[in-house]
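Report on the structure
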Amino acid sequence: MIIFIGLHYRKANEHLSKGEFMKKYWIIAICVTAVTLITAVAMAQFAKTEDAIEYRKAMMFIIGNHFGQLGAVAKGEKTFDKDAVKKNAQLAAMMTQFSWDSFLMPQSDKGDTKMKSNALESPADFKAVVSTFMIEADKLAKVAETGDEAAFKAQFGTVAQNCKACHGMFRK
């Protein structure tokens, strides 16, 4: 397959000298190999179902802790401290970037978990909800940077609704 792609790529780049072409070809081949290896390592990250469950429990604990701090501010239980809100929003948004693949590992709806099996049965739906969550959490971090308390509370409400929707659909 790589040879076929290489031949096609050579035809599309006839204007290059053989040396320039080979340099570009090997760079592409190395990049494809690197992506393949990274993907394989990521998949091997959860060799056991229990590892995937523990990973996502830890991830959700950290996200929950920071969103809990933000929720207390949004509800008026804590005073609005721009720096603390900014820090918690940035950390929560960063944590949403971690691997959600741990939720989609086969059989990871069994055992010590709160995940419903429909996350595995409808991975496209799960990924869509997660994608929205990631986008809204990132927006929250950006709003928190401005120090605008009203905008923060409004965006926090949007993120909280997304959390409730996901938990309603995919949490026992």
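Residue numbers run consecutively from 1 along every chain, following the written order of its sequence. For a predicted model such as this one, the threshold for reporting local features is a pLDDT of at least 70, and the threshold for listing and counting side-chain atom pairs is 80 or more; totals across whole chains, interfaces and linings nevertheless cover every residue. Excluded from the side-chain calculation are hydrogens and water; included are all heavy atoms of the structure.

Considering helix 4 (residues 82-95)
Using the following cut-off: Every helix listed is a DSSP run of H or I at least four residues long, and every strand listed is a run of E at least two residues long, numbered separately from the N terminus. To estimate how far a helix should reach, multiply one less than its number of residues by 1.5 Å. A contact between two residues is defined here by any heavy atoms of the two lying within 4.5 Å. For this analysis, a polar contact is any N or O atom pair within 3.5 Å, provided that within protein one partner can donate a hydrogen and the other can accept it, and provided that sequence-adjacent residues contribute only side-chain to side-chain pairs.
With 14 residues, helix 4 extends 20 Å between its outermost C-alpha atoms, agreeing within 8% with the 20 Å of an ideal straight helix rising 1.5 Å per residue. On its buried side, helix 4 packs onto helix 3 (49-74), helix 6 (123-146) and helix 7 (149-170). Two or three places before Asp-83, at the opening of helix 4, Asp-81 has a side-chain oxygen 3.1 Å from that residue's backbone nitrogen.

Some remarks on unusual backbone geometry
The phi angle at Gln-107 is positive, at roughly 70 degrees, despite the residue not being glycine. Summarising the element assignment, Gln-107 is placed in the loop between helix 4 and helix 5 (118-121).

Let's talk about the layout of surface pockets
This is how it is decided: Only protein atoms enter the 1 Å grid, on which a cavity is a set of points fitting a 1.4 Å probe that cannot get out and a pocket is an open set with protein on both sides within 12 Å along at least 5 of 7 lines, lining residues being those with an atom within 4 Å of a point. Grid points are joined across faces, edges and corners, and a volume is the space filled by probe spheres set on the points. Side-chain classes follow a simple rule in which Ala, Val, Leu, Ile, Met, Phe, Trp, Tyr, Cys and Pro form the nonpolar group, Asp, Glu, Lys and Arg form the charged group, and the remainder, Gly included, forms the polar group.
Of the pockets and cavities examined, the largest pocket occupies roughly 750 Å³. If you go around the largest pocket, you meet 31 residues; those closest to its centre are Met-60, Phe-61, Gly-64, His-167 and Arg-171. At the level of secondary structure, the elements contributing two or more residues to the lining of the largest pocket comprise helix 3, helix 6 and helix 7. Counting residues per element, the lining of the largest pocket draws most heavily on helix 3, at eleven residues. A breakdown of the residues in the lining of the largest pocket according to their chemical character gives 18 nonpolar, six polar and seven charged.

Here we look at the nonpolar core
Under the convention used in this document: By convention a nonpolar core is built from buried Ala, Val, Leu, Ile, Met, Phe, Trp, Tyr and Cys residues, the set being connected through side-chain atoms within 4.5 Å. Only protein chains enter the accessibility calculation, which uses a 1.4 Å probe. A residue is then buried if its area is under 20% of the maximum for its type, exposed if over 50%, and partly exposed in between.
One finds Ile-63, Phe-67, Leu-70, Trp-100, Phe-126, Leu-140 and Phe-152 to be the most contacted residues of the largest nonpolar core, which totals 28 residues. For this core, the secondary structure elements donating two or more residues are helix 3, helix 4, helix 6 and helix 7. For this core, the element with the highest residue contribution is helix 6, accounting for nine residues. Once residues within four sequence positions are removed from consideration, Leu-140 is found in contact with Phe-67, Leu-70, Ala-89, Phe-152, Gln-155, Phe-156 and Val-159.

Concerning the pattern of salt bridges
The following threshold applies: Any Lys or Arg side-chain nitrogen located within 4 Å of an Asp or Glu carboxyl oxygen qualifies as a salt bridge.
This structure, assessed with the given rule, holds six salt bridges. In this structure, Lys-110 and Asp-109 form a salt bridge, with 3.1 Å as the shortest nitrogen-oxygen distance. Residue classification places Lys-110 among the partly exposed positions, given a relative accessible area of 46%. On the basis of relative accessibility, which here comes to 7%, the residue Asp-109 falls in the buried class. Between Glu-149 and Lys-153 there is a salt bridge, and its shortest N-O distance comes to 3.3 Å. Residue Glu-149 and its partner Lys-153 are both found in helix 7; the two are separated by four residues, about one turn of the helix. Judged by its relative accessible area of 33%, Glu-149 falls in the partly exposed class.

Section: the packing of aromatic side chains
For the record, the criterion: In summary, the pairing rule links any two rings of Phe, Tyr or Trp, Trp by its six-membered ring, whose centres are within 6.5 Å, and it sorts them by plane angle into stacked for under 30 degrees, edge-to-face for over 60 and tilted for everything else.
Using the criterion set out here, one finds nine aromatic pairs in the structure. Between the aromatic rings of Trp-100 and Phe-103, the centroid separation amounts to 5.2 Å while the plane-to-plane angle is 25 degrees, which identifies the pairing as stacked. Ring geometry for Phe-152 against Phe-156: centres 6.1 Å apart, planes inclined by 40 degrees, an arrangement best described as tilted. You can see Phe-152 and its partner Phe-156 sitting in helix 7, four residues apart, about one turn around the helix. Overall, the relative accessible area of 12% leaves Phe-156 in the buried class. Pairwise contacts between aromatic rings join Phe-67, Phe-80, Trp-100, Phe-103, Phe-126, Phe-133, Phe-152, Phe-156 and Phe-170 into one cluster.

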